[in-house]
Amino acid sequence: MARHRIGRGRTAAAGPQDAARETPERARHAAGIIDRPTGTAIGAPVGRLVQSPLDRLAARGTISPRMHSAGQRLRGQFEIGVLGTRDRDGELPPGIHGTGAVLTPSEVQLGAIRAYKAALRCLGAHVGAVVEAVCCHEQDITVVAARQGRHRHRVMGVLEDGLKTLADHYRLTGRDDPAPG
């Protein structure tokens, strides 16, 4: 039986009979053995595995809940207007008003695009590019800073100012102080 290296000094058997062989690890994984402390199946997905940069900044307390809500609202308008995704419960997203008639998906999408573009217009080109990259395209601050050739803390300042302006645009109430933490 031939063996090959799989990394860090470990070797594995190489052959068609070995691929189909049942191992204890495979049996436990296939059976979905329950993890006692959490009550979830081992290896089972438990939701979104990666947080968006906006969620990470809010969790660290770098941005306020008001700023986070503004970024989330922009992301929602981007998803519906630009990407064409639908809201799960079928309601219109905040900032989009119906005419009382039944709206077709194209009307909802056009309304979301209008609201999205109005929000970016109020930010301006430079600030809007940073906010759009982080909130909508979910790029990390360091990636945006590297692309623009600026320091991370300067891009973070632009993002904070943009999110405050966006929160004012959406008429969100609250304080812009980061959450105590």
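Look up: the structure comes first, before these words.
What you see is a predicted model; the values in this text were computed from it and never measured.

J.: Just checking my understanding: could you explain the overall build of the protein chain for this structure?
T.: Counting its regular elements, the protein chain contains eight helices and two strands. Walking the protein chain from its N terminus toward its C terminus, one meets helices and strands in the order β-β-α-α-α-α-α-α-α-α. Per-residue burial for the protein chain yields a buried fraction of 28% across its 181 residues. On the protein chain, roughly 12000 Å² of surface is accessible, and the fraction owed to carbon and sulfur atoms is 53%.

J.: Where do I start with the packing of aromatic side chains in this structure?
T.: Any aromatic ring pair is given by two values, namely how distant the centres are and how the planes are angled relative to each other. In total, this model carries one aromatic pair according to the counting rule given. Here the aromatic rings of Phe78 and Tyr116 are separated by 5.6 Å at their centres, their planes lie at 50 degrees, and the arrangement is tilted. Within this pair, whereas Phe78 is found in helix α4 (residues 65–83), its partner Tyr116 is found in helix α5 (residues 105–123), the two being separated by 38 residues in sequence. In terms of burial, Phe78 and Tyr116 fall into one category: buried. Above the ring of Tyr170, the side-chain terminus of Arg73 is found at 5.0 Å from the ring centroid.

J.: I would appreciate a short explanation of the packing of α4 against helix α6 (residues 125–136) in the present structure.
T.: Each pair of packed helices gets described by two things: the angle between the helix axes and the distance between those axes. The interhelical angle for the contact between α4 and α6, taken along N-to-C directions, is 80 degrees, at an axis separation of 9 Å. Judged by the inter-axis angle, α4 sits roughly perpendicular to α6. Listed contacts from α6 to Gly71, Leu74, Arg75 and Phe78 of α4 are Val131, Cys135 and Cys136. Of the residues that constitute the contact of α4 with α6, the class distribution is five nonpolar, one polar and one charged.

J.: Got a minute to help me understand the nonpolar core in this structure?
T.: One recurring pattern in soluble globular proteins: nonpolar side chains tend to sit buried together. Ranked by internal contacts, the top residues of the largest apolar core, which has 29 residues, are Leu74, Val131, Leu159, Leu163 and Leu166. Contributing elements (two or more residues each) for this core: α3 (53–60), α4, α5, α6, α7 (141–148) and α8 (152–169). Per-element tally for this core: the top contributor is α8, with seven residues.

J.: Help me understand the pattern of salt bridges, please; the structure alone is not making it clear to me.
T.: A side chain of one charge can pair with a side chain of the opposite charge when the charged atoms of the two come close. Scanning all chains against the criterion turns up four salt bridges. For Glu79, the salt bridge goes to Arg75, with nearest N and O atoms at 2.9 Å. Here Glu79 pairs with Arg75, and both are found in helix α4, just four residues apart, close to one helical turn. According to the relative accessible area criterion, Glu79 is partly exposed, its value standing at 28%. Using a relative accessible area of 15% as the deciding quantity, one classes Arg75 as buried.

J.: How should I be thinking about unusual backbone geometry in this particular structure?
T.: For residues other than glycine, phi is negative in most cases, and the peptide bonds are mostly trans. Residues other than glycine seldom take positive phi values, yet Glu138 does so here, at roughly 55 degrees. Residue placement: Glu138 occurs in the loop between α6 and α7. Judged by relative accessible area, Glu138 falls into the partly exposed class, the value being 28%. You will see that Arg171, though not glycine, has its phi angle at about 55 degrees, which is positive. Take Arg171: it is sitting in the segment after α8.

J.: How should I be thinking about α4 in this particular structure?
T.: Residues spaced three or four apart along an α-helix point in a common direction, a consequence of the helix completing one turn every 3.6 residues. Taking 1.5 Å of rise per residue, the 19 residues of α4 would be expected to cover 27 Å, and the 25 Å separating its terminal C-alpha atoms lies within 8% of that figure. Within the span of α4, buried status applies to Arg66, Met67, His68, Ala70, Gly71, Leu74, Arg75, Gln77, Phe78, Ile80 and Gly81. Where α4 terminates, the next one or two residues include Gly84, which has phi positive at roughly 80 degrees.

Calculation rules
- Residues numbered from 1 in each chain as written.
- Predicted model: local features only at pLDDT ≥ 70, side-chain atom pairs only at ≥ 80, totals over all residues.
- Heavy atoms only, no water.
- Helix = DSSP H or I, 4+ residues; strand = E, 2+ residues; numbered from the N terminus.
- Buried < 20%, exposed > 50% of the residue type's maximum accessible area, 1.4 Å probe, protein only.
- Areas by Shrake-Rupley, 256 points an atom, 1.4 Å probe, with all protein chains shown as cover.
- Phe/Tyr/Trp six-rings, centres within 6.5 Å; stacked < 30°, edge-to-face > 60°.
- Lys NZ or Arg CZ within 6 Å of the ring centre and 35° of its normal.
- Axes fitted to C-alpha atoms, helices over the stretch in contact; angles between N-to-C directions.
- Parallel < 35°, antiparallel > 145°, perpendicular 65-115°, else oblique.
- Contact = heavy atoms within 4.5 Å.
- Nonpolar A, V, L, I, M, F, W, Y, C, P; charged D, E, K, R; others polar.
- Core = buried A, V, L, I, M, F, W, Y, C linked by side-chain atoms within 4.5 Å.
- Salt bridge = Lys/Arg side-chain N within 4 Å of Asp/Glu carboxyl O.
- Expected span 1.5 Å × (residues − 1).

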